[in-house]
Amino acid sequence: VHHRCRTQVRGDYDRAEQYYERAISAAPRHPGNLGNYANFLYRVRQNYAYAMELFKRALEYEPKHANNLCNYAALLKKIYQEDDPKLAKFKKEDF
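Sequence order as written defines the numbering, with residues in each chain counted from 1. Given that this is a predicted model, residues contribute local features only at a pLDDT of at least 70 and side-chain atom pairs are listed and counted only at 80 or more, while totals for whole chains, interfaces and linings are drawn from all residues. The side-chain values count all of the structure's non-hydrogen atoms but skip hydrogen atoms and water molecules.

1. Some details on the confidence of the model for the protein
- Residue-level confidence of the predictor, termed pLDDT, takes values from 0 up to 100. On average, the protein scores 86 in pLDDT, and the residues at 70 or more come to 76%.
- Elements are defined by DSSP. Helices are runs of H or I of four residues or more, strands are runs of E of two residues or more, and each kind is numbered from the N terminus. Confidence, read as mean pLDDT per element, is least for helix α1 (residues 2-8) in the protein (56) and greatest for helix α3 (residues 31-45) (97).

Written out as structure tokens, the structure is:
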């Protein structure tokens, strides 16, 4: 799914998000799909809350998934290093 989203919907974020949502519906416990969608939400949509939720779910299913661990760490680093007021609420959460 991730490859399809990159090649067929390049620049069409709404359509890419539809592919991710369909992938999650079809395989709600697939750590790769969960992590890819979480990464999209974090980097493209800046939907940090849902991205964190999906990363946590993905890591519950496969705790040693290298891509998800790295991307989740990048999200946490962004939250803790930036002074953006929108990110302040996340600094109080228990990860």
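2. Topic: the packing of aromatic side chains
- Under the pairing criterion, centres of Phe, Tyr and Trp rings, with the six-membered ring standing for Trp, must be within 6.5 Å; the plane angle then separates stacked pairs below 30 degrees from edge-to-face pairs above 60, leaving the rest tilted. Summed over all chains, the structure comprises seven aromatic pairs.
- Taken together, a centroid distance of 5.3 Å and an interplanar angle of 40° make the contact between Tyr20 and Phe40 tilted. Of this pair, Tyr20 sits in helix α2 (residues 13-26) while Phe40 sits in helix α3; the two residues are 20 residues apart in sequence, bridging distant segments of the chain.
- Burial here depends on accessible area, computed with a 1.4 Å probe over protein chains only, as a share of the maximum for the residue type. Under 20% is buried, over 50% is exposed, and the range in between is partly exposed. On the accessibility criterion, Phe40 (7% relative accessible area) is buried.

3. Here we look at the nonpolar core
- Counting 20 residues, the largest nonpolar core has Tyr37, Tyr72 and Leu75 as its most contacted members.
- Secondary-structure elements contributing two or more residues to this core are α2, α3, α4 (48-61) and α5 (66-81).
- At seven residues, α4 tops the list of elements feeding residues into this core.
- The contact criterion used is simple: two residues touch if any of their non-hydrogen atoms lie within 4.5 Å. Not counting the four nearest positions on each side in its chain, Tyr37 is found in contact with Glu17, Tyr20, Glu21, Ile24, Tyr50 and Leu54. Throughout, nonpolar core names a set of buried Ala, Val, Leu, Ile, Met, Phe, Trp, Tyr and Cys residues whose side chains join them through atoms within 4.5 Å.

4. Overview of the packing of α3 against α5
- Between N-to-C directions, angles span 0 to 180 degrees; the directions come from axes that are lines fitted to C-alpha atoms, helices contributing only their stretch in contact. Where α3 meets α5, the axes come as close as 10 Å, and the angle between the chain directions of the two elements is 25°. As the angle between them shows, α3 and α5 are arranged roughly parallel. Remark: the crossing between α3 and α5 carries left-handed chirality. Taken together, the residues of α5 that come into contact with α3 (itself represented by Pro31, Gly35, Asn39, Tyr42 and Arg43) are Asn68, Asn71, Ala74, Leu75 and Lys78.
- Ten residue types, Ala, Val, Leu, Ile, Met, Phe, Trp, Tyr, Cys and Pro, are classed as nonpolar, four, Asp, Glu, Lys and Arg, as charged, and the remainder, Gly among them, as polar. Of the residues that constitute the contact of α3 with α5, the class distribution is four nonpolar, four polar and two charged. For this classification, under 35 degrees means roughly parallel, over 145 means roughly antiparallel, 65 to 115 means roughly perpendicular, and everything else is oblique. Helix crossings are classified by the rotation of the near helix relative to the far one: an anticlockwise turn of less than a right angle makes the crossing left-handed, while a clockwise turn makes it right-handed.

5. Focus: α5
- Along its 16 residues, α5 runs 22 Å from first to last C-alpha, staying within 8% of the 22 Å computed at 1.5 Å per residue.
- Within the sequence span of α5, burial applies to Asn68, Asn71, Tyr72, Leu75, Leu76 and Ile79. Taken end-on, α5 shows its buried residues confined to a sector of 140°, consistent with a single buried face. Opposite its buried face, α5 presents the exposed residues Asn67, Cys70, Lys77 and Gln81, each directed more than 90 degrees away. To estimate how far a helix should extend, the number of its residues minus one is multiplied by 1.5 Å. The arc refers to the directions leading from the helix axis to the C-beta atoms.

6. As for the packing of α2 against α3
- Where α2 contacts α3, the axes come no closer than 9 Å and their chain directions differ by 155°. By the criterion of interaxial angle, the relationship of α2 to α3 is roughly antiparallel. As for how α2 packs across α3, the hand of that crossing is left-handed. Side by side, α2 and α3 meet where Tyr13, Asp14, Ala16, Glu17, Tyr20, Glu21, Ala23 and Ile24 of the first sit next to Asn33, Leu34, Asn36, Tyr37, Phe40, Leu41, Val44 and Arg45 of the second.
- Broken down by class, the residue content of the contact of α2 with α3 amounts to ten nonpolar, two polar and four charged.

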